[in-house]
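# Inside the fold
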Amino acid sequence: MYVAGRVGERFAGRNSGALAVVEGVGQHGCEYMTAGVALILGPAGMNLGAGMTGGLAYVLRDSIGGYGYNQQSVRLAPVEVREEVWLRRVLRKHLRLTGSPRAMVLLNSTAPLPFLRVEPLVLPCTVAETWAAILTRLKRQPASAPRPTAVYVPPSVDAPSIAVV
């Protein structure tokens, strides 16, 4: 999922294998995440990663601030060189699909990407194993996927007001 905008509270909660790119997240993001990758290109609310047992989240160094992440469940780690390659690939796709100015600024810089990895205190598998399924899916997708459209869905108890298709 590629969103050129911020998302609300508890985004990517219980993520069990999806790739999500967003430009900011409210409180309790990636709560109880078990697999997958979340790339957050903007501010992250407090309690990020609470109960996270798998998967990885990437946040901008200057957006996590102090103790915005749940230190009882996750830790911050530097991004490795190979991860930078994977992150740039995802950012290029995010830019292509959404026209994101944030992604453009990050990709146009010659400096290393300013991300930190948010990971569970006890990793259930390696970073490469976490990325493997996502990288496989990225390879299978056509290079020129159509740009997604936001579709208005009338508000109701069961449906969000905006759906991305």
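Residues numbered from 1 in each chain as written. Predicted model: local features only at pLDDT ≥ 70, side-chain atom pairs only at ≥ 80, totals over all residues. Heavy atoms only, no water.

Let's shift gears to the packing of helix 2 (residues 81–98) against helix 3 (residues 101–108). Two numbers describe how helix 2 lies on helix 3: the axes approach to 9 Å, and their chain directions differ by 140°. Judged by the angle between their axes, helix 2 and helix 3 are oblique. The way helix 2 lies across helix 3 gives a crossing that is left-handed. Contacts between helix 2 and helix 3 pair Arg88, Leu91, Arg92, His94 and Leu95 from the former with Ala103, Met104, Leu106 and Leu107 from the latter. Looking at the contact of helix 2 with helix 3, its residues break down into six nonpolar, one polar and two charged. (Axes fitted to C-alpha atoms, helices over the stretch in contact; angles between N-to-C directions. Helix = DSSP H or I, 4+ residues; strand = E, 2+ residues; numbered from the N terminus. Parallel < 35°, antiparallel > 145°, perpendicular 65-115°, else oblique. Left-handed = near helix turned anticlockwise from the far one by under 90°. Contact = heavy atoms within 4.5 Å. Nonpolar A, V, L, I, M, F, W, Y, C, P; charged D, E, K, R; others polar.)

Moving on: the sheet that holds strand 5 (residues 115–120). Judged by pairing direction, the sheet is mixed, and its five strands sit side by side in the order 1-2-3-5-4 without closing on themselves. Each having just a single partner strand, strand 1 (16–22) and strand 4 (74–78) make up the two edges of the open sheet. Strand-to-strand twist in this sheet, taken as the mean axis angle between neighbours without regard to direction, amounts to 20°. Pairing between strand 2 (residues 34–40) and strand 3 (residues 54–60): five bridges, direction parallel. When the sheet's bridge partners are listed, valine 37 is paired in strand 3 with leucine 56. (Pairing = 2+ DSSP bridges.)

The next thing to look at is unusual backbone geometry. The phi angle at cysteine 30 is positive, at roughly 60°, despite the residue not being glycine. One can find cysteine 30 in the loop between strand 1 and strand 2. Residue classification places cysteine 30 among the buried residues on the basis of a relative accessible area of 1%. If you check the backbone angles, tyrosine 32 has positive phi at about 55° while not being a glycine. Looking at the secondary structure, you find tyrosine 32 in the loop between strand 1 and strand 2. By relative accessible area, tyrosine 32 is classed as partly exposed at 41%. (Buried < 20%, exposed > 50% of the residue type's maximum accessible area, 1.4 Å probe, protein only.)

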